[in-house]
Amino acid sequence: MKRRKLSALLLVGLCTLPAVFIVYLAGRDESSETSADNVFGFSGREARLAERVREMEEQNQLLRRQLSISQNQLMSFMSDGSNNDTGDAYAYNEESSSSHSGCANKEPEVPKCEIVHVAIVCAGYNSSRSVVTLVKSILFYRRNPLHIHFISDSIAQLILQTLFSTWMVPAVEVSFYLTDSIQSEVSWIPNKHYSGVFGLMKLTLSKTLPDTLQKVIVLDTDVTFATDISELWKIFRRFSGKQALALVENQSDWYLGKLWKNHRPWPALGRGFNTGVILLDLQKLRNINWMQLWRMIAEKELVSMLNTQLADQDIFNAVLKQNPHLIYHLPCQWNVQLSDNTRSELCYSEVTDLKIIHWNSPKKLKVKNKHVEFFRNLYLTFLEYDGNLLRRELFGCNRTKQTLVQLQLNAIDEDDQCYEFRRAQVVQHRTHLYYIDYDYKPSFDGNDVTLVAQLSMDRLQMIEALCKHWEGPISFALYMSDAEAQQFLSYAVGSDILKNRKNVGYHIVYKDGQFYPVNFLRNVALQQVTTPWVFLTDIDFLPMSELYEYLKRTISNTDMSNRKQALVIPAFETQRYRLKFPRSKAELLSMLDMGTLFTFRYHVWTKGHAPTNYGKWRTATTPYKVNWEVDFEPYVVVRRNVPEYDRRFVGFGWNKVSHIMELHARGYEFVVLPNAFIIHMPHAPSFDIAKFRTRDRKSVV
């Protein structure tokens with residue numbers, strides 16, 4: 001019976017009665033909130049679900065209004081100036097306009113279950129961020145299943161595979177093709193473009209993609225959709241004869257050779273074509289032996305041109321110059337190009353229905369364009385949009401099999417008082433590994449150590465201080481919303497301390513639910529460590545000076561290769577926000593005697609660190625073993641293959657205790673280091689501590 005109600009709710013909420021829900025929910029009085037019944041027969045839990053459905057619908061409607069307002073403002077702004085350029089603009093669009101009928105809107109729609117195939121080249125760490133924004137814009141408008149084919153290196157594959165497997169968007173499939181196996185096809189071509197060898201990979205798609213795949217939309221990572229991608233997919237039907245590629249005419253004077261004196265571009269048909277958006281009929285390309293065709297023409301042109309300046313675009317244009325019968329002219333609104341020398345306003349002054357925005361300048365959002373603010377707002381809207389809202393089903397065409405996580409979530413009773421708590425223990429958090437460029441290889445001595453920690457937005461300012469105290473590699477897991485991730489990015493790239501640190505891995509885990517998934521975050525950070533050893537700590541602790549080097553020496557001098565040992569780093573704390581950090585153990589002991597420092601949590605949770613035996617540590621000169629005791633939760637250095645944390649612990653309380661208990665049960669010895677220490681820095685209480693101390697939270701626990 002409950003399942004029937006829930007199905008009815010989703011159908012009503014998403015399809016037919018959102019307005020009724022709004023009136024009903026807004027009109028409830030206090031007494032009706034506590035009632036188990038309402039006019040639809042929903043329970044209290046189901047009524048709250050209706051509220052969430054309404055909120056999601058409102059957020060989507062708000063986004064659509066924002067996109068519409070930005071575009072309408074742009075059209076209004078352009079209306080006056082366009083009157084002066086009508087003739088030129090018409091000439092500019094005449095070719096693309098003639099390539100399709102005015103009755104395009106009468107074409108049948110793409111069948112709702114037909115899969116739209118998209119190919120994207122993505123390599124390295126930073127480009128994955130652009131891919132996410134592009135994919136968000138596609139998912140927001142799409143009505144069809146998608147299959148995204150990524151041509152990527154091993155780094156991008158790790159990032160994107162993790163992202164999509166944790167995103168769990170229905171009716172979206174991804175495949176990967178490693179560039180290592182493709183690179184030899186194009187590495188012989190000298191290329192001056194900033195994209196390097198990866199900027200030539202699109203030339204190989206007829207060979208790289210499966211033979212069974214007949215057509216594909218090829219996209220650069222720096223484009224943003226403003227319409228349903230099936231509208232672009234539909235254009236394949238208009239291909240005739242030998243037409244095998246669809247492209248938008250280049251919107252700058254680059255291929256006309258007029259940008260500067262002695263400018264000598266590659267040959268092109270007319271103004272040439274931009275390859276940021278391509279429709280490829282793969283079967284036709286295979287039939288004409290496309291791989292051999294472009295190679296022969298490229299070899300001939302390179303004799304005089306010496307190198308490519310715009311990567312694959314130069315070679316595509318050279319081929320089309322000699323084979324114009326292959327090209328289908330896409331209307332200009334399918335690739336509005338925002339480069340420094342663009343003439344794109346001649347497109348969008350005439351076209352009131354922009355489809356795709358292309359940031360094809362190396363300056364990206366900082367490109368010089370008098371209307372760039374309007375386009376930037378469009379991009380930023382998707383950049384900060386909550387990706388969790390895009391996990392919506394495609395009604396009538398759901399081919400996605402339920403995962404174990406989804407089955408576990410469906411098994412939770414939504415009327416259970418602890419529903420949110422139980423959900424937090426199994427929910428799959430969308431995860432974006434290596435959000436910022438990372439470059440570190442462990443030392444060859446086998447003693448390297450990575451610091452592992454997790455944090456949320458309210459602890460962001462502590463990253464700089466920690467990086468000052470620890471010069472070794474770090475793996476951070478950050479729990480943030482999409483918008484907060486952008487604030488973090490601005491903070492990191494603008495920090496003099498952080499922007500030059502390439503040995504810090506930042507892994508974004510996107511917010512989902514009410515509880516802070518502390519142990520899940522720790523596991524994410526731990527899983528990305530490449531050094532043999534890890535230092536498991538928290539973001540609000542500062543290590544002593546040169547602790548990194550001290551730990552490496554200690555590991556080298558201690559026979560830990562065949563022993564299960566956890567090296568305990570004694571923890572202290574201060575109540576002072578301004579502290580002259582002790583430079584040695586002697587200084588720390590002096591501050592401890594003066595009352596400037598204290599043993600960690602001595603006044604609220606003595607049991608947590610009492611087994612460290614601080615009295616013995618004061619005079620110790622060699623490592624010493626201590627026995628595990630109930631509630632012991634030290635900060636330790638262990639091998640990377642240490643058991644992971646129990647992710648069922650969320651929020652505040654017992655999350656480290658359970659982990660140390662497991663280490664003890666698995667036979668680990670705890671050894672205290674005599675000349676190492678960390679100090680907890682004061683900060684405002686976290687939101688989860690406050691929730692932990694409430695009556696409702698304790699009743700759930």
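This text goes with the structure placed above it.
(A) Region of interest: the nonpolar core. Within the largest apolar cluster, 94 residues are counted, with the highest numbers of intra-cluster contacts made by I463, F476, L478, F488 and F535. Dropping the residues within four chain positions of it, F535 is found in contact with V449, T450, L451, V452, W470, L547, I569, Y635, V636, V637 and I678. Listed in part, the 58 residues of the second largest apolar core include I138, L219, C332 and I356.

(B) Local environment of unusual backbone geometry. Of note, M168 is a non-glycine position whose phi angle comes to about 55 degrees, a positive value. Following the sequence through the fold, M168 ends up in the loop between helix 7 (154–167) and strand 3 (172–178). A positive phi is found at A171, a non-glycine position, where the angle reads about 60 degrees. Checked against the element boundaries, A171 lands in the loop between helix 7 and strand 3.

(C) Spatial organisation of the environment of V650. Structurally, V650 is set in the loop between strand 21 (635–639) and helix 23 (655–665). Measuring from C-alpha to C-alpha, the distance between V650 and A424 comes to 7.1 Å, with 226 residues separating the pair along the chain.

(D) How the structure looks around the side chain of K656. Tracing the backbone shows K656 in helix 23. Here the side chain of K656 touches D538 through a polar contact of 3.5 Å, side chain to side chain. Contact partners of K656, with chain neighbours within four places excluded, come to R522, D538, E633 and Y635.

(E) Molecular detail of helix 23. Within the sequence span of helix 23, burial applies to N655, K656, V657, S658, H659, I660 and L663. Residues of helix 23 that are buried in the fold lie against helix 19 (518–527), strand 15 (533–536), strand 21 and strand 22 (669–672). Positioned one or two residues after helix 23, G667 has a phi angle of 95 degrees, which is positive.

(F) Layout of the pairing of strand 13 (residues 474–480). Counting buried positions along strand 13 yields 7 of 7 residues, so the element is predominantly enclosed. Because side chains alternate across strand 13, one face comprises the buried residues I474, F476, L478 and M480, and the other comprises S475, A477 and Y479, equally buried. As paired elements, strand 12 (residues 449–456) and strand 13 share 6 bridges and run parallel to each other. Bridge pairing links S456 to Y479 in strand 13. Sheet analysis places strand 13 next to strand 14 (residues 504–510), joined by 7 bridges and oriented parallel. Looking across to strand 14, one finds that F476 is bridged to Y506. After leaving strand 13, the chain enters helix 18 (residues 482–494) and then returns to the sheet as strand 14, a path that is right-handed.

(G) A look at helix 6 (residues 127–141). The end-to-end C-alpha distance of helix 6, which contains 15 residues, comes to 22 Å, matching closely the 21 Å that a straight helix rising 1.5 Å per residue would cover. For helix 6, the tally of buried residues reaches 13 of 15 residues, placing the bulk of the element in the interior.

(H) Up close: the packing of helix 6 against helix 7. For the pair helix 6 and helix 7, interaxial distance at closest approach is 11 Å and the crossing angle is 35 degrees. Here helix 6 and helix 7 pass one another in a crossing that is right-handed. Contacts between helix 6 and helix 7 involve S128, V131, V132, V135, K136 and L139 from the former and I159, L160, L163, F164 and W167 from the latter.

(I) Structural detail: the sheet that holds strand 16 (residues 541–543). If you trace the 4 strands from one edge of the open sheet to the other, you get 16-23-18-19, paired in mixed fashion. In this open sheet, the two strands that pair with only one neighbour each are strand 16 and strand 19 (598–599). As defined by bridge partners, strand 18 (residues 571–573) adjoins strand 19 across 2 bridges and the pair is classed as antiparallel. Within the sheet, the bridge partner assigned to F572 lies in strand 19 and is T599.

(J) Geometry of the packing of aromatic side chains. Taken as a whole and judged by the stated rule, the model has 28 aromatic pairs. Judged by centre distance (5.7 Å) and plane angle (50 degrees), the ring pair of F150 and F164 falls under tilted. Taken as a pair, F150 in strand 2 (residues 146–152) and F164 in helix 7 lie far apart in primary sequence, 14 residues in all. Here F150 and F164 have matching classes, each one buried. Taking NZ or CZ as reference, R392 lies 6.0 Å from the ring centre of F140, over its face. Here K585 stacks its cationic end above the ring of W617, 4.3 Å away from the centre of that ring.

(K) A look at the sheet that holds strand 22. Pairing within the open sheet is mixed, and its 9 strands lie in the order 11-14-13-12-15-21-17-22-20. Each edge of the open sheet carries a strand with a single partner, namely strand 11 (431–432) and strand 20 (624–626). Note: strand 11 against strand 14, 2 bridges, orientation antiparallel. Within the sheet, the bridge partner assigned to T431 lies in strand 14 and is V509. Lying over the sheet, helix 17 (residues 462–469) contacts strand 12, strand 13 and strand 14, oriented at roughly 175 degrees with respect to strand 13. Contacting strand 13 and strand 14, helix 18 runs over the sheet at an angle of about 140 degrees to strand 13.

(L) Expanded view of the environment of V504. With respect to the helices, strands and loops of the structure, V504 is situated in strand 14. Along the sequence, V504 and I474 sit 30 residues apart, while their C-alpha atoms lie 4.7 Å from each other. Every residue in contact with V504, bar those within four places of it in the chain, is listed here: Y438, C467, I474 and F476.

Procedures and definitions
Residues numbered from 1 in each chain as written. Predicted model: local features only at pLDDT ≥ 70, side-chain atom pairs only at ≥ 80, totals over all residues. Heavy atoms only, no water. Core = buried A, V, L, I, M, F, W, Y, C linked by side-chain atoms within 4.5 Å. Buried < 20%, exposed > 50% of the residue type's maximum accessible area, 1.4 Å probe, protein only. Contact = heavy atoms within 4.5 Å. Helix = DSSP H or I, 4+ residues; strand = E, 2+ residues; numbered from the N terminus. Polar contact = N/O pair within 3.5 Å; in protein donor to acceptor, adjacent residues only side chain to side chain. Pairing = 2+ DSSP bridges. Right-handed = clockwise from strand over helix to strand, strands pointing away. Expected span 1.5 Å × (residues − 1). Axes fitted to C-alpha atoms, helices over the stretch in contact; angles between N-to-C directions. Left-handed = near helix turned anticlockwise from the far one by under 90°. Phe/Tyr/Trp six-rings, centres within 6.5 Å; stacked < 30°, edge-to-face > 60°. Lys NZ or Arg CZ within 6 Å of the ring centre and 35° of its normal.

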